[in-house]
Amino acid sequence: MSPALAGPWAGGLEDGRLRALLREDAPHGDLSTRALGLGGRPARIGFQARGEGVVAGIEAASRLLQLCGVRARPAVASGARVVDGALLLAGQGPAEGVLLGWKVAQNLVEAASGMARGAAAIVAVLRAEGLDTPLACTRKAPPGTHWWAAQAIEAGGAVMHRLGLSETLLVFPEHLALLPADEVVARLQALRRQQPEKRLVVETGREDDALAWARLGVEVLQLERFTPEAVARLRQALRAEGLTARLAPAGGVNRSNALAYARAGADLLVSSAPYFAPPAEVQVRITPADGG
């Protein structure tokens, strides 16, 4: 593995997906660069932060440029907090490779860093009040972005709620609607036997249903569109009965209300908001490498 890929993010990089991004942008190569005759002329490329914030996707961008024949290395790692003007990545290689990978790499870093900054902003609100409530991001990243969006979320100090349908037991009302009513409890108990190492999570939008699920031994209650006041009432009801189900409000959780949910007694906050944060801004400079 290239030294540029060392570190905690290396395992998530997949050359096939990076090449697919390049093919999408330039299915038949870079016509402008080729027509100008720039070809193998040596060039340098540098990425700098515009504004302070959290960096993400920089290893993927570096690798993408490497796949274009550019000797590129990140100057910082994903998860780094940077100031305005900080160098993020530098590389050198033939102009055709630099220009081919330029915009795809820039777009990737800007989108991923925007998600990371969105997550970090919510986490910062909680930590500023001395709360260690985790922010868990859903799998509602835009289609095709999951392989790098998860890294961006972690770079921002959040965790993934679910990486996909294959890894967790999360029973939605839509599942229950397809089961005969008299079989629901038995089916949930069967889930616990079949997957004993997994926590059983059930989503509900009603306080009375949430309390009933907790009485049946459901370990995590995903509270869809609960208000902070409803979360607080449910927390009090659980304590009164000695029940220990964890509370995970979901749906509409964002920077403006995260603190209220945490103070209400949430054990974790489930959110999709970071995926829709504005992209970060990255300045890219491309210059001749031979001084010409």
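Right, let's walk through the structure included here.

**Some remarks on the side chain of T138**
With respect to the helices, strands and loops of the structure, T138 is situated in the loop between β6 (135–137) and α5 (146–155). Given a relative accessible area of 12%, T138 falls into the buried group. At 2.7 Å, the side chain of T138 forms a polar contact with the side chain of S272. Not counting chain neighbours up to four residues away, the residues in contact with T138 comprise M160, H161, R162, V270, S271, S272 and Y275.

**Some details on the nonpolar core**
Among the nonpolar cores identified, the biggest contains 79 residues, and F47, L221 and L234 are the most heavily contacted of them. Those residues in contact with L234 that sit more than four places away from it in its chain are E207, A210, L211, L221, L223, F226 and L247. Ranked by size, the runner-up nonpolar core spans nine residues in total, among them A136, L170, V220 and A248.

**A short note on the packing of helix α1 (residues 15–25) against helix α3 (residues 58–67)**
Between α1 and α3, the least distance of the axes is 10 Å, while the angle of their chain directions is 70 degrees. The orientation of α1 with respect to α3, classified from their angle, is roughly perpendicular. Packed against α1, whose contacting residues are D15, L18, R19 and L22, the element α3 presents A60, R63, L64 and L67 at the interface. Taken together, the residues that form the contact of α1 with α3 break down as five nonpolar, no polar and three charged.

**A look at the sheet that holds strand β13 (residues 281–288)**
As summarised here, the arrangement of the four strands in space is β3-β5-β1-β13, forming an open sheet in which the pairing is antiparallel. A strand with exactly one partner marks an edge of an open sheet, and here the two such strands are β3 (71–74) and β13. This sheet shows a mean twist of 15 degrees between the axes of neighbouring strands, independent of strand direction. As judged from the seven bridges shared by strand β1 (residues 42–50) and strand β5 (residues 87–94), these two strands associate in the antiparallel manner. The residue bridging Q48 from the neighbouring strand is L87, located in β5.

Basis of the calculations
- Residues numbered from 1 in each chain as written.
- Predicted model: local features only at pLDDT ≥ 70, side-chain atom pairs only at ≥ 80, totals over all residues.
- Heavy atoms only, no water.
- Helix = DSSP H or I, 4+ residues; strand = E, 2+ residues; numbered from the N terminus.
- Buried < 20%, exposed > 50% of the residue type's maximum accessible area, 1.4 Å probe, protein only.
- Polar contact = N/O pair within 3.5 Å; in protein donor to acceptor, adjacent residues only side chain to side chain.
- Contact = heavy atoms within 4.5 Å.
- Core = buried A, V, L, I, M, F, W, Y, C linked by side-chain atoms within 4.5 Å.
- Axes fitted to C-alpha atoms, helices over the stretch in contact; angles between N-to-C directions.
- Parallel < 35°, antiparallel > 145°, perpendicular 65-115°, else oblique.
- Nonpolar A, V, L, I, M, F, W, Y, C, P; charged D, E, K, R; others polar.
- Pairing = 2+ DSSP bridges.

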